[in-house]
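So the chains spell out like this:
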Amino acid sequence: MKLRGALLIGLAATACNEPYSNEDLLFLKALPPELQVELPGATATTTSSIGTGVCAAPSPDFTPAKFYCDANKAASDINAVLDTVLNLVGSIAAYPPTTRDTDLRIWGPFPIENGLEAALSIERIRTSTGTLVRYTGSSEPALVYERFRFAISARKQGEGEWKGLVYGESAPTGEAGTRMGWLALDFDAQRTLDPTKTDRGAIGIAYDTRGGKTILNVYADVARYTPMFDPEAAYFYEAPGDGSGTFLFYQRANVIETTEALETMWIQVRWRPDLRGRADVVVRDGDAAPQEYWVVQCWDPNFAAVFQTTNVPTNDYPNIGQVSACGPELQ
Amino acid sequence: MTKWVPVLFGLCVATSAEAAQPRRFALLVGNNQGSGDTVELRYAESDVQKVAGVLRDLGGFRGEDLVILLGKKAPDFTTALDQLEARIAAEAEPGVPTTLLFYYSGHAKQGQLLLGPTRVSMAFLRERLQRSAADIKIGILDACESGAITREKGGRRGPSFLFDLGDQEAAKGMILIGSSSEDEASQESDELGGSFFTHYLTSGLRGDADESGDRRITLGEVYAYTYHRTVNSTAGTRSGTQHPTFSYDLKGQGDVVMTDVTTGRSGVRFLEPMEGDYLIYDMDHEQVAAEIQKRPGAERRVALPPGSYVIKKRLPEHLRMVRFTLGPTTNYAVDDQVMEQVDFEDDYAKGAGVMARIARERPRPGLRGALYYQGFFSGAARDQLLPPLVLFGVGVDAGPVLGATLGLDLLLGGTNDQSLRLQSLDIPYDFFQVQFAAKLLWGWTFGPVRLEAGPRLSGLYALRTFPKDDQLQSLKQDFFGISPGAEGLVSWFPGDDQDFSIGLGGRLGLLSFGVDENRLLFFGELGLSLGYRL
């Protein structure tokens with residue numbers, strides 16, 4: 001992301017000698033933490049110790065867990081976005097803030113590329129009565145007495161309205177080492193300031209790491225900015241911490257290419273600590289209507305399909321094994 | 001008619017000298033070590049050598065009749081005393097008076113001589129001397145509280161003995177002399193290279209106590225001389241004035257000739273008109289050999305063994321000094337005119353102890369390695385700002401500046417895997433500190449120990465990093481502050497050359513910490529250092 005390089009230069013130029021305080025750290029910890037969608041076996045996407053792998057090519061003796069492979073690729077894409085945000089935050093955090101107030105820290109403004117200037121602000125919102133927050137769809141609501149809102153904003157140098165490029169909110173969880181909050185990357189806002197940009201839409205990310213679990217919701221909408229309500233793509237990741245997990249992703253895309261109509265596809269992947277897993281795929285709308293097509297696939301710890309059944313009228317997904325091969329937790 | 005008068009020197013000496021040559025035995029005991037809480041003495045054993053030299057040269061003691069015990073314990077002492085007593089009994093001849101002289105230099109406490117970890121009761125010693133077959137028994141103790149040995153026989157502290165001049169019988173009996181009263185300390189002097197008491201005892205025996213001018217020093221003369229000089233010299237010391245004591249139970253002729261200065265073939269002559277206080281320094285043994293208070297009107301001779309000497313005359317503004325060598329028959333005549341003028345600081349005849357002390361006290365360039373533990377007094381400061389830390393460092397001592405040692409320190413320290421708790425956050429961090437300091441330390445020396453204290457100004461740079469925190473791993477939280485403070489250091493110099501030292505130090509500092517809010521933080525440092533002086 002070019003924005004990061006520009007930020008680094010700008011921050012270095014405007015860095016203040018006032019050292020970091022512990023209060024500054026509290027503000028910085030309100031920025032998004034390191035978040036990763038971790039699917040087991042993700043490091044063995046080409047081959048495993050027995051010659052097969054998550055995304056290994058099919059052979060007469062081996063049918064790969066295709067949908068788990070798809071889930072892994074989706075997770076990699078999400079992780080790339082999260083890494084970008086984290087690197088951006090880390091770059092800013094390397095310099096002390098330029099403005100300090102009791103409930104506000106500001107870095108910048110500092111010039112970036114194409115005649116723009118940018119600033120990071122973190123504001124603390126305190127309420128004596130508390131606020132009930134729930135940042136992910138499956139989080140337990142929490143009563144918090146302070147929240148932090150942050151924004152990386154930009155505008156034409158010295159004029160115009162500040163546009164939020166990356167912004168969000170977080171709240172202390174009361175539980176050491178855990179965070180909860182949300183953030184959004186607004187590519188449309190970036191494009192209004194710099195028409196040369198090609199990215200469109202927005203990505204929204206909500207997270208909650210309380211209780212030893214990691215819950216991560218990602219919403220992407222390229223066509224218009226309503227990511228929470230009607231996204232073009234959404235990802236729901238939940239890892240309770242015992243090695244098992246669920247990764248559900250939703251996408252509106254031209255899956256069935258008979259016409260240009262967009263289908264809606266859901267892929268839910270579940271896995272157990274021993275790497276056995278199951279994928280449930282549903283495609284509807286668009287060229288599928290009025291039908292609803294589905295595929296069920298289970299795999300063993302070597303990511304070899306041990307059960308597969310479908311109502312898709314093609315030979316792409318032949319029936320394999322019995323559903324009992326999925327194991328009792330995944331049948 | 002019996003008439004008690006203060007000692008009239010010389011009246012009885014001639015009589016005694018004309019009698020048969022007496023046989024003299026001596027047991028000389030010295031021990032620098034005491035027991036338990038006593039401080040090691042520097043000169044007790046060398047004082048024994050000094051006394052032995054005088055007795056051998058001028059006192060008529062044959063070499064084989066001088067028994068010297070240095071650093072021995074109580075059983076050795078008892079054995080030596082038994083053996084000597086047996087010899088006295090066996091070798092005594094009719095008509096030849098015998099003398100037993102016992103001299104002790106060392107620690108004493110509560111009526112006991114401390115011979116290292118062992119003890120000899122003064123009552124036992126007194127009783128053994130009393131029972132000795134010798135005609136005259138002389139006990140001289142140069143030790144703290146040594147007046148205890150004179151107590152039971154009506155001992156008293158005073159400037160001179162009283163003799164019964166009407167008694168013409170041969171002298172028999174016992175005289176006990178203590179260097180101090182039973183509740184006083186006996187003191188050593190680095191300037192003199194020995195104890196005050198023994199220094200004046202030997203100076204007197206070598207001739208300076210010859211009040212009568214007959215060149216024979218009697219016990220009465222040397223006691224009176226030693227008493228006055230010891231009292232005068234210790235009057236200004238920290239330990240207080242030291243008063244020698246005596247116990248006298250002598251019948252017969254009274255006084256006893258201790259030394260005959262005419263028997264020493266080599267020596268120093270102070271001619272008739274000369275006047276002043278002179279100090280004769282023995283360059284071979286690095287100690288004061290004698291001290292002379294010369295008054296005009298009579299020549300004074302001090303008998304000294306052959307060797308290299310320096311005579312010093314102390315004047316208000318400077319010293320006058322002359323170096324000379326005595327051959328076996330040389331009698332060096334002191335002449336003020338040939339003595340060179342020397343500044344006090346250039347005095348080249350000060351004694352090993354003084355030179356060592358000067359070496360200790362003189363600010364010298366040096367290097368130090370140090371290990372200090374640092375802790376801030378405020379719990380909040382320790383938890384959230386500057387954690388307890390071990391600092392390693394090096395230091396350079398320069399100086400003197402304003403009479404003090406100017407020291408520069410560089411200290412480094414770090415600690416990993418600390419935890420910063422802020423509200424519900426628990427942030428792992430690593431910590432590093434570097435400290436640069438300048439200080440001025442004024443010192444006081446007590447034997448091999450030197451105390452130093454003074455102000456210290458340090459620059460303190462602290463750096464906190466968060467390599468294990470995903471959000472803050474690129475952040476460096478640092479702080480620099482100037483910290484005024486003070487330092488105290490106790491150094492022990494174990495060697496004679498005073499080059500190496502082991503130090504125990506403590507520091508107090510004040511740091512103004514102005515991030516978030518202005519706070520004054522006190523901290524302390526305690527540690528060890530190893531020093532080497534160039």
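Check the entry above for the structure.
Residues numbered from 1 in each chain as written. Chains lettered and ligands numbered in written order. Predicted model: local features only at pLDDT ≥ 70, side-chain atom pairs only at ≥ 80, totals over all residues. Heavy atoms only, no water.

**As for the sheet that holds strand S24 (residues 340-342) of chain B**
Residues and elements named next belong to chain B. Ordered by their spatial adjacency, five strands build an open sheet running S19-S18-S21-S22-S24, and the pairing between neighbours is antiparallel. Each of the sheet's edge strands pairs with one partner strand only, and the pair in question is strand S19 (287-294) and S24. Between one strand axis and the next, the sheet turns by 30° as a mean value, whatever way the strands run. The pairing of strand S18 (residues 276-282) with strand S21 (residues 307-314) spans five bridges and is antiparallel. Bridge pairing in S21 links Ile 280 to Ile 311. (Pairing = 2+ DSSP bridges. Helix = DSSP H or I, 4+ residues; strand = E, 2+ residues; numbered from the N terminus. Axes fitted to C-alpha atoms, helices over the stretch in contact; angles between N-to-C directions.)

**Structural notes on helix H2 (residues 44-58) of chain B**
All names here are of chain B. End to end, H2 covers 21 Å across 15 residues, agreeing with the expected 21 Å (1.5 Å per residue, within 8%). Those residues of H2 not exposed but buried are Ala 44, Asp 47, Val 48, Lys 50, Val 51, Ala 52, Gly 53, Val 54, Leu 55 and Leu 58. Of the residues flanking the end of H2, it is Gly 60, one or two places downstream, whose phi is positive at about 75°. (Expected span 1.5 Å × (residues − 1). Buried < 20%, exposed > 50% of the residue type's maximum accessible area, 1.4 Å probe, protein only.)

**Focus on the interface of chain B and chain A**
Contacts between the two partners involve 23 residues from chain B and, on the opposite side, 26 residues from chain A. Summing both partners gives a buried area of about 2,000 Å² for chain B against chain A, and 56% of it is carried by carbon and sulfur. If you sort the residues of chain B by the area they bury against chain A, B:Ser424, B:Leu425 and B:Gln471 come out on top, with a joint share of 30%. Our count for the contact surface shared by chain B and chain A stands at one salt bridge. (Contact = heavy atoms within 4.5 Å. Buried area = accessible area lost by both parts, 1.4 Å probe. Salt bridge = Lys/Arg side-chain N within 4 Å of Asp/Glu carboxyl O.)

**With respect to the sheet that holds strand S6 (residues 112-115) of chain B**
Residue and element names in this part refer to chain B. The strand order across the open sheet built from three strands is S5-S6-S7, with neighbouring strands paired in antiparallel fashion. Two strands lie at the open edges of the sheet, namely strand S5 (107-109) and strand S7 (118-121), each paired on one side alone. Between one strand axis and the next, the sheet turns by 35° as a mean value, whatever way the strands run. The sheet strands contacting helix H3 (residues 74-91) are S6 and S7, and the helix crosses S7 at an angle near 40°. Strands in contact with helix H4 (residues 122-131) are S5, S6 and S7; relative to S7, the strand with the most contacts, it is inclined by about 50°.

**What to know about the pairing of strand S27 (residues 404-422) of chain B**
Residues and elements named next belong to chain B. Sheet topology note: the S27/strand S28 (residues 425-446) ladder contains 16 bridges and is antiparallel. Pairing of Gly 407 across the sheet is with Lys 439, part of S28. Between S27 and S28, which follow one another and run antiparallel, lie two residues, and Gln 423 among them has a positive phi close to 50°.

**So, empty space enclosed by the protein**
Residue and element names in this part refer to chain B. This structure, assessed with the given rule, holds nine cavities of 30 Å³ or more. Its volume calculated, the second largest cavity comes out at about 110 Å³. If you trace the second largest cavity, you find 13 residues lining it, with Leu 385, Arg 464, Gln 477, Phe 479 and Phe 513 closest to the centre. Residues belonging to the lining of the second largest cavity are distributed by class as follows: nine nonpolar, two polar and two charged. (1 Å grid on protein atoms, 1.4 Å probe; cavity = no way out; pocket = protein on both sides within 12 Å on 5 of 7 lines; lining within 4 Å. Points joined across faces, edges and corners; volume = space filled by probe spheres on them. Nonpolar A, V, L, I, M, F, W, Y, C, P; charged D, E, K, R; others polar.)

**Some thoughts on the environment of B:Ser458**
Residue and element names in this part refer to chain B. Within the secondary structure layout, Ser 458 lies in strand S29 (residues 449-465). Ser 458 sits 23 residues away from Gln 435 along the chain, and the two C-alpha atoms are 6.5 Å apart. Among all residues touching Ser 458, those that are not within four sequence positions of it are Gln 435, Phe 436, Ala 437, Gly 481, Ile 482 and Ser 483.

**With respect to the pattern of salt bridges**
Applying the stated rule across the entire model yields 46 salt bridges over all chains. Between A:Glu329 and A:Arg276 there is a salt bridge; the shortest N-O distance is 3.2 Å. Placement of A:Glu329 in the segment after strand S14 (305-310) and of A:Arg276 in the loop between strand S11 (263-271) and strand S12 (277-284) is noted, with a sequence separation of 53 residues between them. Measuring nitrogen to oxygen at the nearest pair gives 3.8 Å for the salt bridge that ties B:Asp260 to B:Arg216. With B:Asp260 in strand S16 (residues 257-260) and B:Arg216 in strand S14 (residues 216-218), this pair connects stretches of sequence that are 44 residues apart. For B:Arg216, a relative accessible area of 28% puts it in the partly exposed group.

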